[in-house]
Amino acid sequence: MNSNSTIQVRFGDWISEGWKMFTEQWKGWVTIALGFFVVVVLPIGAFLVGWYALFITSLMAQQPSPGRPPEMPAAAFLLLYAGMFALIVVLLPLTVFLIAGAYRAAFKQLRGGRVEFRDLFSARDCYWRLLGATLIHSVLVFIGAMVCIIPAFIVGGLLFFTTPLIVERDLGVFEAMRVSRDVTQRNLLMFTLFAFVVQFLASVGSYACYLGLLVTWPLMFTITAVAYRDCFGVEGARSFAQPSSAQQQGYGAPPTQPSVVCPNCQASLPSTAQYCFRCGASVR
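Residues numbered from 1 in each chain as written. Predicted model: local features only at pLDDT ≥ 70, side-chain atom pairs only at ≥ 80, totals over all residues. Heavy atoms only, no water.

Points about unusual backbone geometry
Turning to step 1, where the next piece is worked out: Even without being a glycine, cysteine 148 presents a positive backbone phi close to 65°.
Turning to step 2, where the next piece is worked out: Locating cysteine 148 in the fold gives a position in the loop between helix 4 (127–146) and helix 5 (150–158).
Turning to step 3, where the next piece is worked out: Given a relative accessible area of 65%, cysteine 148 falls into the exposed group.
Turning to step 4, where the next piece is worked out: Phi is positive for aspartate 170, close to 60°, though the residue is something other than glycine.
Turning to step 5, where the next piece is worked out: You can see aspartate 170 is positioned in the loop between helix 6 (162–169) and helix 7 (173–184).
Turning to step 6, where the next piece is worked out: Since its relative accessible area comes to 48%, aspartate 170 is described here as partly exposed. (Helix = DSSP H or I, 4+ residues; strand = E, 2+ residues; numbered from the N terminus. Buried < 20%, exposed > 50% of the residue type's maximum accessible area, 1.4 Å probe, protein only.)

Shown next as structure tokens:
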């Protein structure tokens, strides 16, 4: 087998299946998205509204002086920066935890399960590895952004599957980053574009008064789960390309699938895998 073969990035198929995943169980996904925004986004919005009100009040309290505009209070800006820093310190670990739970919900649906609100809190077993991977990823993106921006997008493409590999395969931080890199670097340009498109689709709902995020934010997880299924394989995973009669009737148990053996490291893989999640070798 050629371990350096290129994997095809199927933009249309993956996005289409990800959308069908969402629409199949949209109530569960909207509930998860709503829970995430209440826990993470609402505190930030409340802080900004409170700061703005304090800022306006402090300006109005100044004695008016003819021909002299009101001075911008330095304390208000210090409060803004200190408050945002505190929110980031508190909310970043919580955000990592909830995002991992959303990925777990997506893989659960792939296997025929029902997306539930409690799935949002289901990634306790791999939390610290996810937090470590997120911090390393953020540092690398920051460094890339300081070097003409483009390297930041390349990092996003290379490490696109890091979090799903930790959530789904229970890999360590550096092992997940290595496996993601080994697979995506074979078609780096297309995976970089794909990672950008997925992030864009997930955020496009913000242009509809942010309420649209309840629909678009879950696509980040459903589309990524479908792409992961085709790259690494997921035991018992369904296809959403053409809904079967069994899928239309309910959420029954997923069919069992035979496994294949990696020709390089002998790891047991689902039959749908194209690449080994352990060593990155091609199994096709």
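A closer look at the environment of leucine 79
Turning to step 1, where the next piece is worked out: The residue leucine 79 is located in helix 3 (residues 74–110) in this model.
Turning to step 2, where the next piece is worked out: Taking the C-alpha atoms as reference points, leucine 79 and tryptophan 51, 28 residues apart in sequence, are found 8.0 Å from one another.
Turning to step 3, where the next piece is worked out: Setting aside anything within four residues of it in sequence, one finds leucine 79 in contact with Phe47, Trp51 and Leu54. (Contact = heavy atoms within 4.5 Å.)

Side note on the confidence of the model for the protein chain
Turning to step 1, where the next piece is worked out: Here the protein chain averages 83 in pLDDT, while 80% of its residues score no lower than 70.
Turning to step 2, where the next piece is worked out: Predicted confidence in the protein chain is weakest over helix 11 (residues 245–249), with a mean pLDDT of 42, and strongest over helix 6, with 95.
Turning to step 3, where the next piece is worked out: Predicted confidence for residues 244–257 stays below pLDDT 50, and this span has 19 contacts to residues more than four positions away or in other chains. (pLDDT = per-residue confidence, 0-100.)

A short note on the side chain of glutamate 168
Turning to step 1, where the next piece is worked out: Within the element layout of this structure, glutamate 168 appears in helix 6.
Turning to step 2, where the next piece is worked out: Non-local contacts of glutamate 168, meaning those with residues more than four positions away in its chain, are made with Phe107, Arg111, Tyr228 and Val234.

Focus: the packing of aromatic side chains
Turning to step 1, where the next piece is worked out: Evaluation of the coordinates by the stated rule reveals 20 aromatic pairs.
Turning to step 2, where the next piece is worked out: Judged by centre distance (5.5 Å) and plane angle (70°), the rings of phenylalanine 160 and phenylalanine 194 are edge-to-face. Of this pair, phenylalanine 160 sits in the loop between helix 5 and helix 6 while phenylalanine 194 sits in helix 8 (residues 188–203), placing them 34 residues apart in sequence.
Turning to step 3, where the next piece is worked out: For phenylalanine 194, a relative accessible area of 0% corresponds to the buried category.
Turning to step 4, where the next piece is worked out: A centroid spacing of 5.3 Å and a plane angle of 85° characterise the contact between phenylalanine 161 and phenylalanine 232, whose relative ring orientation is edge-to-face. Residue phenylalanine 161 is located in the loop between helix 5 and helix 6, and its partner phenylalanine 232 is located in helix 10 (residues 219–232); the two are separated by 71 residues in the primary sequence.
Turning to step 5, where the next piece is worked out: Among the aromatic side chains, those forming a connected cluster through ring pairs are Phe11, Trp14, Phe107, Phe160, Phe161, Phe191, Phe194, Tyr228 and Phe232. (Phe/Tyr/Trp six-rings, centres within 6.5 Å; stacked < 30°, edge-to-face > 60°.)

Some details on the side chain of arginine 229
Turning to step 1, where the next piece is worked out: Relative to the elements of secondary structure, arginine 229 occurs in helix 10.
Turning to step 2, where the next piece is worked out: The class for arginine 229 is buried, based on a relative accessible area of 6%.

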